[in-house]
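Given next are the chains, with one letter for each unit.
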Amino acid sequence: MVSSLYNEVLSALESGSIEDIEFEADVIFEEIYGRDFKLKLMTGQLDRKETDTEAGKLHEMLQRRLSGEPLQYIVGRWDFYRGEFTVGEGVLIPRQDTETLAESAYVLVKDLEHPKILDLCAGTGCIAITLSELIPGSEVHAVELYDEAYSYLERNISGHDGRVIPHKLDVLSEESAEGFTCFDLITCNPPYLTGKDMQVLQKEVQREPATALFGGEDGLDFYRAIPELWKSALNPGGYIAFEIGATQGEAVKAILEVAGYSDVNIVKDFCGKDRTVVAKL
């Protein structure tokens, strides 16, 4: 019976050392039986034998999850801020932590009539697309280097308002930076995990691209490079906003101050951890 499968899935996820088994079971069942599956369970609508199609899809999703594949890749999409973004192998999964960066960036330029915004290390495009939708008069560009991630960037742009302009470029290249001028804001969620961090990643995080995670042995390589390389892309008085690891605030603040930026502030996330650093040129 379908109604008994839910508890079986909970048990399987628990045996696989999945942390939030109820949340993940809910997501899996929503994919097969709809967002209202719990109501259907309560009202007896699922007191029936599962179909072959339902059983096959459930088995496939569960086995993929137990193998260590991220739930987000299995579903193929994930929520970020007010939107939903297509995800899969080869692109960093949008996380709630990064909503702090999007919100901080929005506050910096929301009162400008036609702000120009540049998002570096764009991945799925969740930051660039969110800002584009929050500020209809904005001109937003997104830079991503890697083929797989860039394909998701293009797909998500097409699936949203379509206004973000993608660029397939290396953000650590001086030549790339030379092509951009007169921006009011640069945002970036760079790779910032340290060498030690990379050695203790959760099994599912290991499936995400290392190029989107590893920021050098101390995690600060991109923070050292980007403020200098992309300074000429900013208008005087323009802003730069980074996502950071929870212990990197003071180090990134010092880097920005040495690079000539002012009004450097560390912004905390929903859990009270340092998550974003913003500065003014």
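Please read these numbers as outputs of a predicted model, since none were measured by experiment.

Caption draft 1: How the structure looks around the overall build of the protein chain. The number of helices and strands found in the protein chain is twelve helices and nine strands. Dimensions of the protein chain, computed from the C-alpha atoms along their principal axes, are close to 65 × 40 × 35 Å. Expressed as a percentage of its 281 residues, the buried residues of the protein chain come to 49%. Separation of charge centres in the protein chain, based on 26 positive and 50 negative side chains, amounts to 2 Å.

Caption draft 2: Spatial organisation of the packing of aromatic side chains. With the rule as written, the count across this model stands at nine aromatic pairs. Note on Phe 29 and Tyr 33: the rings are 5.6 Å apart at their centroids and 35° apart in plane angle, and the pair reads as tilted. Highlighted residues: Phe 29 and Tyr 33, both in helix α2 (residues 21-33), separated by four residues, approximately one helical turn. Assessed through its relative accessible area of 6%, Tyr 33 is described here as buried. Ring centres 6.1 Å apart and planes at 50° place the aromatic pair Phe 180 and Phe 183 in the tilted group. Residue Phe 183 is classed as buried on the basis of its relative accessible area of 2%. Feature note: the residues Tyr 6, Phe 29, Tyr 33 and Phe 37 constitute an aromatic cluster, connected by ring pairs. Positioned above the aromatic ring of Phe 183 is the side chain of Lys 116, whose terminal nitrogen or guanidinium carbon lies 4.4 Å from the ring centre.

Caption draft 3: A look at the sheet that holds strand β7 (residues 234-243). The seven strands are arranged β5-β4-β3-β6-β7-β9-β8 in an open sheet whose pairing can be described as mixed. At either margin of the open sheet sits one strand with a lone partner, and together these are β5 (165-168) and β8 (262-268). Taken pair by pair, the neighbouring strands of this sheet meet at an average axis angle of 15°, ignoring direction. Against the sheet, helix α12 (residues 249-258) touches β7, β8 and β9 (274-280), its axis set at about 160° to β8.

Caption draft 4: Broad picture of the pairing of strand β4 (residues 139-144). Counting buried positions along β4 yields five of six residues, so the element is predominantly enclosed. Relative to β4, strand β3 (residues 116-120) runs parallel, the two being bridged by five bridges. Looking at the pairing, Ile 117 lines up with Val 140 of β4. In this fold, β3 hands off to helix α7 (residues 126-134), which returns the chain to β4; that crossover is right-handed. Handedness of the crossover joining β4 and β5 through helix α8 (residues 147-159): right-handed.

Caption draft 5: Region of interest: the environment of Gln 63. Looking at where Gln 63 falls in the secondary structure, it is placed in helix α4 (residues 52-66). Note on Gln 63: relative accessible area 39%, which makes it partly exposed. For the pair Gln 63 and Lys 116, spaced 53 residues apart in the sequence, the C-alpha separation amounts to 45 Å.

Caption draft 6: Region of the structure containing α8. For α8, with 13 residues, the first-to-last C-alpha span of 18 Å sits near the 18 Å given by 1.5 Å per residue. Three or more residues of α8 are buried, namely Ala 149, Tyr 150, Tyr 152, Leu 153, Asn 156 and Ile 157. With its buried residues spanning 160° around the axis, α8 presents them on a single face. Facing away from the buried side of α8 by more than 90 degrees, the exposed set consists of Asp 147, Ser 158 and Gly 159. At its buried positions, α8 is contacted by β2 (83-86), α7, β4 and β5.

Caption draft 7: Looking closely at α2. With 13 residues, α2 should reach 18 Å at 1.5 Å per residue; the first-to-last C-alpha distance of 18 Å fits that figure. Of all the positions in α2, only Glu 24, Ala 25, Asp 26, Val 27, Ile 28, Phe 29, Ile 32 and Tyr 33 are classed as buried. Following α2 by one or two positions, Gly 34 has its phi on the positive side, about 100°.

Caption draft 8: Focus on the pairing of β3. The element β3 is extensively covered by neighbouring structure, given that four of its five residues are classed as buried. Relative to strand β6 (residues 183-188), β3 runs parallel, the two being bridged by four bridges. Looking at the pairing, Leu 118 lines up with Ile 186 of β6.

Caption draft 9: Spatial organisation of the nonpolar core. Grouped together as the largest cluster of nonpolar side chains are 32 residues, with contacts concentrated most on Leu 120, Ile 226, Trp 230, Ile 240, Phe 242 and Leu 256. Elements represented by at least two residues in this core include exactly β3, β6, α11 (221-229), β7, α12 and β9. If sequence neighbours within four positions are ignored, Trp 230 has contacts with Leu 118, Leu 120, Val 171, Ser 176, Ala 177, Phe 180 and Ile 186. Membership of the second largest hydrophobic core comes to 29 residues, among which are Val 9, Ile 32, Leu 46 and Met 61.

Reading the values: the criteria
Residues numbered from 1 in each chain as written. Predicted model: local features only at pLDDT ≥ 70, side-chain atom pairs only at ≥ 80, totals over all residues. Heavy atoms only, no water. Helix = DSSP H or I, 4+ residues; strand = E, 2+ residues; numbered from the N terminus. Buried < 20%, exposed > 50% of the residue type's maximum accessible area, 1.4 Å probe, protein only. Lys, Arg positive; Asp, Glu negative; His and termini not counted. Charge placed at Lys NZ, Arg CZ, Asp CG, Glu CD. Phe/Tyr/Trp six-rings, centres within 6.5 Å; stacked < 30°, edge-to-face > 60°. Lys NZ or Arg CZ within 6 Å of the ring centre and 35° of its normal. Pairing = 2+ DSSP bridges. Axes fitted to C-alpha atoms, helices over the stretch in contact; angles between N-to-C directions. Contact = heavy atoms within 4.5 Å. Right-handed = clockwise from strand over helix to strand, strands pointing away. Expected span 1.5 Å × (residues − 1). Arc of directions from axis to C-beta. Core = buried A, V, L, I, M, F, W, Y, C linked by side-chain atoms within 4.5 Å.

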